[in-house]
Amino acid sequence: MSLEAIQALTAAEETVRSMRADAAAEAKQKLAAARERGEQLVADAVKKAKAEMSELSRQSDEKAKADAVALVGNNENRKAAMRVRAESKAEKAAAFIVERIVNS
């Protein structure tokens, strides 16, 4: 093999090594960038999920409070209706007792 052929082969090998090194470095950079982007996406998703969970918790608390207020109001209405019926029955019972005493 001639000296020129050996030099050309050596130059080609060096070019290939250089291209491989450049490709490896570029791949590492792309991998690091993709990993960083993926981590950012996960962090954003976690942040969004926490915000949604907080909002749903707040809405749930508000609904529970509204339901409790409605339940108390409903119980107050029932209590008032029962009181009216009890007073009416008490009046009838008193009238009945008076009538029994008078008629005896």
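The sections below set out a description of the structure shown in this document. The numbering scheme is per chain: residues are counted from 1 as the chain's sequence reads. The predicted origin of the model limits local features to residues at a pLDDT of at least 70 and limits the giving and counting of side-chain atom pairs to 80 or more, whereas totals for whole chains, interfaces and linings rest on all residues. The basis for the side-chain values is all heavy atoms of the structure; hydrogens and waters are excluded.

Right, let's get into the overall build of the protein chain. Scanning the protein chain from N- to C-terminus turns up 1 helix and 0 strands. Taking 2.2 N^0.38 as the reference for a compact globule, 104 residues should give roughly 13 Å; the C-alpha atoms of the protein chain span a radius of gyration of 44 Å, well beyond that estimate. Dimensions of the protein chain, computed from the C-alpha atoms along their principal axes, are close to 150 × 15 × 10 Å. In this description, accessible areas are obtained by the Shrake-Rupley approach with a 1.4 Å probe, and a residue is regarded as covered only by the protein chains that are shown. Approximately 9500 Å² of the protein chain is accessible, and the part contributed by carbon and sulfur atoms is 61%. Charge counting follows a simple rule: Lys and Arg are positive, Asp and Glu are negative, and His as well as the terminal groups are ignored. Working definition for charges: the position is that of NZ of Lys, CZ of Arg, CG of Asp or CD of Glu. With 19 positive and 17 negative side-chain charges, the protein chain shows a separation of 11 Å between the mean positions of the two kinds. Helix numbers and strand numbers start at the N terminus; a helix is a DSSP run of H or I with at least 4 residues, a strand a run of E with at least 2. The reference for a compact globule is 2.2 Å times residues^0.38; the radius of gyration itself is calculated from the C-alpha atoms.

In the sections that follow, a salt bridge refers to a side-chain nitrogen of Lys or Arg positioned within 4 Å of a carboxyl oxygen of Asp or Glu. For the coordinates displayed, the defined rule picks out 7 salt bridges. The salt bridge involving Arg-17 is made with Glu-13; its shortest N-O contact spans 3.9 Å. Taken together, the residues span about one helical turn, with Arg-17 and Glu-13 both in helix α1 (residues 3-103) at a distance of 4 residues. By relative accessible area, Arg-17 is classed as partly exposed at 48%. The structure contains a network of salt bridges with shared partners spanning Glu-13, Glu-14 and Arg-17. Burial classes: relative accessible area under 20% of the type maximum marks a residue as buried, over 50% as exposed, and values in between as partly exposed (1.4 Å probe, protein chains only).

Our focus in this paragraph is the environment of Leu-56. Among the secondary structure elements, Leu-56 is positioned in helix α1. Put simply, Leu-56 and Gln-40 are 16 residues apart on the chain and 24 Å apart in space, counted from C-alpha to C-alpha.

Like charges are joined within 9 Å and nonpolar side chains (Val, Leu, Ile, Met, Phe, Trp, Tyr) within 5 Å, but only among residues with over 30% relative accessible area and no salt bridge; these make up the patches. A surface patch of nonpolar side chains, about 330 Å² in accessible area, is lined by Phe-96, Ile-97 and Ile-101. Looking at the secondary structure, you find Ile-97 in helix α1.

The next thing to look at is the environment of Lys-65. Note that Lys-65 resides in helix α1. We classify Lys-65 as exposed; its relative accessible area is 60%. Counting along the chain gives 40 residues from Lys-65 to Ala-25, while the straight-line C-alpha distance between them is 60 Å.

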